[in-house]
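Letter by letter, the chains look like this.
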Amino acid sequence: MKRALEPDNIVRYEEDGPKVVLLDQRRVPDEVVELECRSVDELVVAIRELAIRGAPAIGVAAAYGLALAAKLGEDLSAAASALASARPTAVNLSWALEQLRDDPTPARARALHAEEVERCRAMAAHAADLFAPGTRALTHCNAGGLATGGYGSAVGALRAAWERGLLERVWVDETRPLLQGSRLTAWELEAAGIPHAVIADSAAGSLMASGDVDCVVTGADRIAANGDTANKIGTYSLAVLAAHHGIPFYVVAPTSTVDPQTPTGADIPIEHRAPDELTSRFPARNPAFDVTPAELITAIVTEQGVQSPVSRV
Ligand code: MRU
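Throughout what follows, the structure given in this document is the object of discussion. No experiment lies behind these values; they were computed from the predicted model shown.

**Quick word on the overall build of the chain**
No. 1: Per the secondary structure count, the chain includes 11 helices and 14 strands.
No. 2: Expressed along its principal axes, the backbone C-alpha trace of the chain runs to roughly 60 × 45 × 40 Å.
No. 3: Within the span of the chain, comprising 313 residues, buried residues form 55% of the whole.
No. 4: Put simply, 73% of the contacts in the chain that link residues at least 6 apart link residues at least 24 apart.
No. 5: Of the accessible surface of the chain, which amounts to about 12,300 Å², a share of 50% is contributed by carbon and sulfur atoms.
No. 6: For the chain, the distance from the average position of its 28 positive side-chain charges to the average position of its 41 negative side-chain charges is 2 Å.

Okay, structure coming up:
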């Protein structure tokens, strides 16, 4: 299982095919199986259906996808626009495609992948500086190696804090409706040997009230110029709860997630997913992300360091 979390096993480009190969995150933790995408169309479906997910990881996958399109002689601007529109909220998709614009090669995509993992390691080290000994941290969704293509952002911070002996345990929000927390984050924490317990999303408030949470650490899908941050639905509620209980709320994300072109959180496009992820029996509304205003975020941590208080990023 630890090998499954190596960057190359999360997502890679193979010349033989050619193809983009990814760990199918829809089936984790029950099965560790790979999905092969031999065309951009197949990769777009894989991203849309969350076979690979998490903002930096879908950016890396899109980079490999553009390299695949170039190798197959496909129209690159059509490929880029199909990949960019696979999911609307994470800015990493369009960021990564822009990075490959002048050099859509496997070598450039692999370098971008390695750079994202390095950014994770750097931001994790900065974020761990914020942890006091004995911290009980709560995290939401999955901002681990699966979500970044290796190491992780929020989970990277937890790993770094654990290695420094500062982390006592992690509360893992199950993260309705698709359970990225109880399936993916718990699996990663288990692999890292970090004590953890899955909680129902609705249990977070009572754990905070009973004094069992010292900080909340999440990733981000897009950080607007004013510091407002989009992340998995439920993140905003956690930030409100954390503020009410005087608990620090940290966002850990690479600069590839920062979008200076988007002025505020109100300008971030929010993905709405199929109602049947919630119920096929009744009408449903299923926003996949929400926006946490900058004033509720104690610090934003990137590979460049810790920004606190959060104003313009
Ligand atoms: O719908 P998902 O699973 O792609 O949502 C992912 C998240 O919300 C993560 O917290 C975010 O992308 C940060 S990943 C380092």
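**Considerations on the layout of surface pockets**
Space left empty within the atom packing is revealed by a probe, the size of a water molecule, rolled over the atoms.
No. 1: The volume enclosed by the largest pocket comes to roughly 260 Å³.
No. 2: K2, L5, E6, Y151 and R159 are the residues nearest the centre of the largest pocket, which is lined by 15 residues in total.
No. 3: Among the elements that make up the lining of the largest pocket, the one with the highest residue count is helix α9 (residues 180–192) (four residues).
No. 4: Along the lines of polarity and charge, the residues of the lining of the largest pocket split into eight nonpolar, two polar and five charged.

**Brief notes about the site of the ligand**
No. 1: In the vicinity of the ligand lie 18 residues, with R53, R87, D221, N231 and K232 positioned nearest.
No. 2: Within the side chain of Q180, a nitrogen or oxygen atom sits 2.9 Å from an oxygen atom of the ligand.
No. 3: K232 places a polar side-chain atom, nitrogen or oxygen, 2.7 Å from an oxygen atom of the ligand.
No. 4: For the ligand, whose accessible area on its own is 410 Å², the fraction buried by protein is 99%.
No. 5: If you list the elements that add at least two residues to the shell around the ligand, you get α3 (55–72), α7 (145–148) and β9 (229–232).
No. 6: Residues belonging to the shell around the ligand are distributed by class as follows: seven nonpolar, seven polar and four charged.

**Here's the deal with the pairing of strand β7 (residues 215–218)**
No. 1: Along β7, one buried face is formed by C215 and V217 and the opposite face, lined by V216 and T218, is buried too.
No. 2: Pairing geometry for strand β4 (residues 135–139) and β7, over three bridges, is parallel. Within β7, the residue paired with L138 across the bridge is V216.
No. 3: Across three bridges, the pairing between β7 and strand β10 (residues 249–252) is parallel. Counted as the bridge partner of T218 is V251 from β10.

**Side note on the sheet that holds strand β1 (residues 11–14)**
No. 1: Spatially, the three strands line up as an open sheet ordered β1-β2-β3, and their pairing is antiparallel. At either margin of the open sheet sits one strand with a lone partner, and together these are β1 and β3 (34–37). Taken over all neighbouring pairs, the strand axes of this sheet differ in orientation by 25 degrees on average, direction set aside.
No. 2: Pairing of β1 with strand β2 (residues 19–23), which is carried by four bridges, proceeds in the antiparallel orientation. Considered in β2, the bridge of Y13 is made with V20.

**A few points about the environment of A137**
No. 1: One can find A137 in strand β4.
No. 2: Remark: the alpha-carbon pair of A137 and V213, spanning 76 residues in sequence, is separated by 5.9 Å.
No. 3: Ignoring anything within four residues of it in the chain, the contact list for A137 reads F131, L158, L167, R169, V170, W171, C215 and V217.

**Notes on the packing of aromatic side chains**
No. 1: For the structure shown, the criterion picks out zero aromatic pairs.
No. 2: The ring centre of W171 lies 4.8 Å from the NZ or CZ of R169, which sits over that ring.
No. 3: A cation over an aromatic ring shows up here: K232 above the ring of F289, its NZ or CZ 4.4 Å from the ring centre.

**A word on empty space enclosed by the protein**
No. 1: Taken as a whole, this structure holds two cavities of 30 Å³ or more when the rule is applied.
No. 2: Quantified by volume, the largest cavity comes out at close to 180 Å³.
No. 3: The wall of the largest cavity is formed by 23 residues, among which R53, G54, A55, N142 and D221 lie closest to the centre.
No. 4: Sorting the residues of the lining of the largest cavity by element identifies α3 and β9 as the ones contributing at least two each.

**Comments concerning the nonpolar core**
No. 1: V11, V20, L43, I47, I52 and L83 are the most contacted members of the largest nonpolar core, which has 43 residues in total.
No. 2: Elements supplying a minimum of two residues to this core: β1, β2, α2 (40–48), α3, α4 (76–84), α5 (92–99), α6 (106–128) and α9.
No. 3: In terms of residues, this core owes the most to one element, α3, which gives 12 residues.
No. 4: With sequence-adjacent residues up to four places away left out, L43 is seen in contact with V20, L22, C37, A61, G65 and L83.
No. 5: Judged by nonpolar contacts, the second largest core, of 28 residues, contains M123, F131, A154 and L167.

The rules behind these values
Residues numbered from 1 in each chain as written. Predicted model: local features only at pLDDT ≥ 70, side-chain atom pairs only at ≥ 80, totals over all residues. Heavy atoms only, no water. Helix = DSSP H or I, 4+ residues; strand = E, 2+ residues; numbered from the N terminus. Buried < 20%, exposed > 50% of the residue type's maximum accessible area, 1.4 Å probe, protein only. Contact = heavy atoms within 4.5 Å. Areas by Shrake-Rupley, 256 points an atom, 1.4 Å probe, with all protein chains shown as cover. Lys, Arg positive; Asp, Glu negative; His and termini not counted. Charge placed at Lys NZ, Arg CZ, Asp CG, Glu CD. 1 Å grid on protein atoms, 1.4 Å probe; cavity = no way out; pocket = protein on both sides within 12 Å on 5 of 7 lines; lining within 4 Å. Points joined across faces, edges and corners; volume = space filled by probe spheres on them. Nonpolar A, V, L, I, M, F, W, Y, C, P; charged D, E, K, R; others polar. Near = heavy atom within 4 Å. Polar contact = N/O pair within 3.5 Å; in protein donor to acceptor, adjacent residues only side chain to side chain. Pairing = 2+ DSSP bridges. Axes fitted to C-alpha atoms, helices over the stretch in contact; angles between N-to-C directions. Phe/Tyr/Trp six-rings, centres within 6.5 Å; stacked < 30°, edge-to-face > 60°. Lys NZ or Arg CZ within 6 Å of the ring centre and 35° of its normal. Core = buried A, V, L, I, M, F, W, Y, C linked by side-chain atoms within 4.5 Å.

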